[in-house]
Amino acid sequence: MVFPEYRPRRMRRNEALRGLIRETTLSADQLIYPLFIVPGKKVKNEVRSMPGVYQISVDQLASEAKELLSIGVKSVMLFGIPEKKDGVGSGAHDKDGIVQRAIRELKNKSSELLVITDVCLCEYTDHGHCGFLVNDEVDNDTTLEILAKTALSHARAGADIVAPSDMMDGRVAEIRATLDENNLEMIPIMSYAVKYASAFYGPFRDAADSTPQFGDRRGYQMDPANSREALREATLDVDEGADVLMVKPALAYLDIISKLRDEFDLPLAAYHVSGEYAMIKAAAAKGWIDGERVMQETLLSIKRAGADIIITYFAKEMARLLLK
Ligand code: PBG
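Cut-offs applied
Residues numbered from 1 in each chain as written. Predicted model: local features only at pLDDT ≥ 70, side-chain atom pairs only at ≥ 80, totals over all residues. Heavy atoms only, no water. Helix = DSSP H or I, 4+ residues; strand = E, 2+ residues; numbered from the N terminus. Buried < 20%, exposed > 50% of the residue type's maximum accessible area, 1.4 Å probe, protein only. Contact = heavy atoms within 4.5 Å. Areas by Shrake-Rupley, 256 points an atom, 1.4 Å probe, with all protein chains shown as cover. Core = buried A, V, L, I, M, F, W, Y, C linked by side-chain atoms within 4.5 Å. Axes fitted to C-alpha atoms, helices over the stretch in contact; angles between N-to-C directions. Nonpolar A, V, L, I, M, F, W, Y, C, P; charged D, E, K, R; others polar. Patch = residues over 30% accessible without salt bridge, like charges linked within 9 Å, V, L, I, M, F, W, Y side chains within 5 Å. Salt bridge = Lys/Arg side-chain N within 4 Å of Asp/Glu carboxyl O. Lys, Arg positive; Asp, Glu negative; His and termini not counted. Charge placed at Lys NZ, Arg CZ, Asp CG, Glu CD. Phe/Tyr/Trp six-rings, centres within 6.5 Å; stacked < 30°, edge-to-face > 60°. Near = heavy atom within 4 Å. Polar contact = N/O pair within 3.5 Å; in protein donor to acceptor, adjacent residues only side chain to side chain.

A closer look at the overall build of the protein
Here comes step 1: From N to C terminus, the protein includes 11 helices and 12 strands.
Here comes step 2: Projecting the C-alpha coordinates of the protein onto the three principal axes gives extents of approximately 70 × 45 × 40 Å.
Here comes step 3: The burial tally for the protein puts 54% of its 324 residues in the buried class.
Here comes step 4: The long-range share in the protein, meaning contacts at least 24 apart out of those at least 6 apart in sequence, stands at 74%.
Here comes step 5: With the model as given, the accessible surface of the protein reaches about 15300 Å², and the carbon-plus-sulfur share is 49%.

Structure below.
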């Protein structure tokens with residue numbers, strides 16, 4: 001088909017025509033909203049670098065859940081900021097830790113909301129690294145045990161899905177085995193299979209108070225230059241029993257999302273991270289871009305690249321827009 005017989009513009013003349021042939025759509029069912037839980041009561045602190053995103057205390061969760069469900073957002077991802085940190089991140093698997101309390105509160109007050117927990121130690125260690133240190137290096141195999149304990153405590157508190165984000169080798173297998181031994185074989189693992197050592201996590205570290213006190217995470221998170229390695233990482237996690245794979249960040253890694261979509265048949269999630277949110281918010285606040293349209297276009301592009309699920313700080317705003 002060539003011009004003038006074929007005119008692509010024919011099908012673009014009005015919204016009904018465009019809607020008819022639209023290949024990708026967004027649905028609030030597949031958005032996950034991250035929540036930052038802090039100690040205290042009646043706390044609602046806006047994150048400095050993430051306008052519209054708040055650190056909230058456990059007592060705020062019932063109303064948060066109600067709001068989310070009322071606009072069609074059915075899943076949250078929990079991050080905890082503990083009262084005290086230590087060298088080994090013991091707050092991460094405390095039965096009465098911040099995330100464990102948040103899970104119980106959410107599950108008591110609103111059983112319909114799907115509660116996913118980030119499994120990592122960086123918010124709980126005083127050095128801010130994602131695991132146990134030996135000679136200032138994160139020791140992989142010791143960390144596995146702490147991570148499995150953490151995932152188990154989340155699942156026991158009632159988490160629906162656990163999502164390890166630490167990038168230790170072998171953690172999916174370790175967590176799967178631990179859950180299974182404890183009769184939690186029905187709890188899925190959403191693995192941050194391909195997580196890059198990214199500068200786009202900057203604002204998150206304000207929100208979660210998890211900046212490494214020395215060095216960086218390049219010794220365990222992936223090198224942004226690599227894409228074949230992403231396939232190897234994902235293959236490992238599939239073999240170890242992951243139920244959902246994740247790519248993170250999203251926009252600068254759409255090629256990776258697309259590759260994983262082609263290679264694997266598991267559900268695929270993309271984490272549209274804090275820095276991606278902050279950039280859109282900052283430019284919109286200056287009046288340099290139309291924030292709402294850029295949000296929509298960005299989330300659509302992540303879907304189009306092949307993600308089924310998007311974890312995004314825009315979940316609420318996007319869901320509201322979808323209701324219109
Ligand atoms: C924990 C974790 C991080 C993010 C999610 N889980 C931070 C990091 O790896 O430094 C980042 C999320 C975001 O930027 O929105 N390890």
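And the narrative resumes.
Considerations on the nonpolar core
Here comes step 1: Of all hydrophobic cores here, the largest spans 110 residues; its most connected members are Met190, Val194, Ile257 and Leu260.
Here comes step 2: Beyond its immediate chain neighbours, meaning those up to four positions away, Met190 contacts Ile32, Ile116, Ile161, Val162, Ala163, Pro164, Val244, Met246, Ile309 and Ile311.

Details of the packing of helix α8 (residues 254-263) against helix α10 (residues 291-305)
Here comes step 1: Viewed as axis vectors pointing N to C, α8 and α10 meet at an angle of 35°, and their least axial separation amounts to 8 Å. Judged by residue contacts, Leu254, Ile257, Ser258 and Arg261 of α8 engage Ser301, Ile302 and Ala305 from α10.
Here comes step 2: Of the residues in the contact of α8 with α10, the class split is 4 nonpolar, 2 polar and 1 charged.

Side note on a negative patch on the surface
Here comes step 1: Together, Asp141, Glu145, Asp169, Glu174 and Glu181 line one region of the surface with negative charge.
Here comes step 2: For the negative patch, the elements supplying multiple residues, two or more each, are α4 (140-157) and α5 (171-181).
Here comes step 3: Locating Glu181 in the fold gives a position in helix α5.

Things to note about the packing of aromatic side chains
In this description, an aromatic ring pair is defined by two values, namely the gap between the centres and the angle between the planes.
Here comes step 1: The final tally for this structure, using the stated rule, is 9 aromatic pairs.
Here comes step 2: Plain terms: the ring middles of Phe36 and Tyr313 are 6.1 Å apart, the flat faces sit at 10° to each other, and that makes the pair stacked. A residue pair is termed long-range when its members are at least 10 positions apart, and Phe36 in strand β1 (residues 31-38) and Tyr313 in the loop between β12 (309-312) and α11 (315-323) qualify at 277 residues.
Here comes step 3: A residue is classified by how much of its surface remains accessible, and Phe36, at 0% relative accessible area, is buried.
Here comes step 4: Ring geometry for Tyr192 versus Tyr271: centroids 6.1 Å apart, planes at 40°, classification tilted.

Some details on the site of the ligand
Here comes step 1: The environment of the ligand is made up of 19 residues, and the closest members are Lys195, Arg205, Lys248, Ser274 and Tyr313.
Here comes step 2: Gln221 has a polar side-chain atom sitting 2.9 Å from an oxygen atom of the ligand.
Here comes step 3: Protein contacts shield 100% of the accessible area of the ligand, which totals 400 Å² for the unbound molecule.

A word on unusual backbone geometry
Here comes step 1: In the segment running from Phe3 into Pro4, the intervening peptide bond is cis, with an omega of 10°.
Here comes step 2: Relative to the helices and strands, Pro4 is located in the segment before α1 (15-20).
Here comes step 3: Of note, the amide linkage connecting Lys248 to Pro249 takes the cis form, showing an omega dihedral of -10°.
Here comes step 4: Following the sequence through the fold, Pro249 ends up in the loop between β10 (244-248) and α8.
Here comes step 5: Of note, Met167 is a non-glycine position whose phi angle comes to about 70°, a positive value.
Here comes step 6: Note that Met167 resides in the loop between β8 (161-164) and α5.

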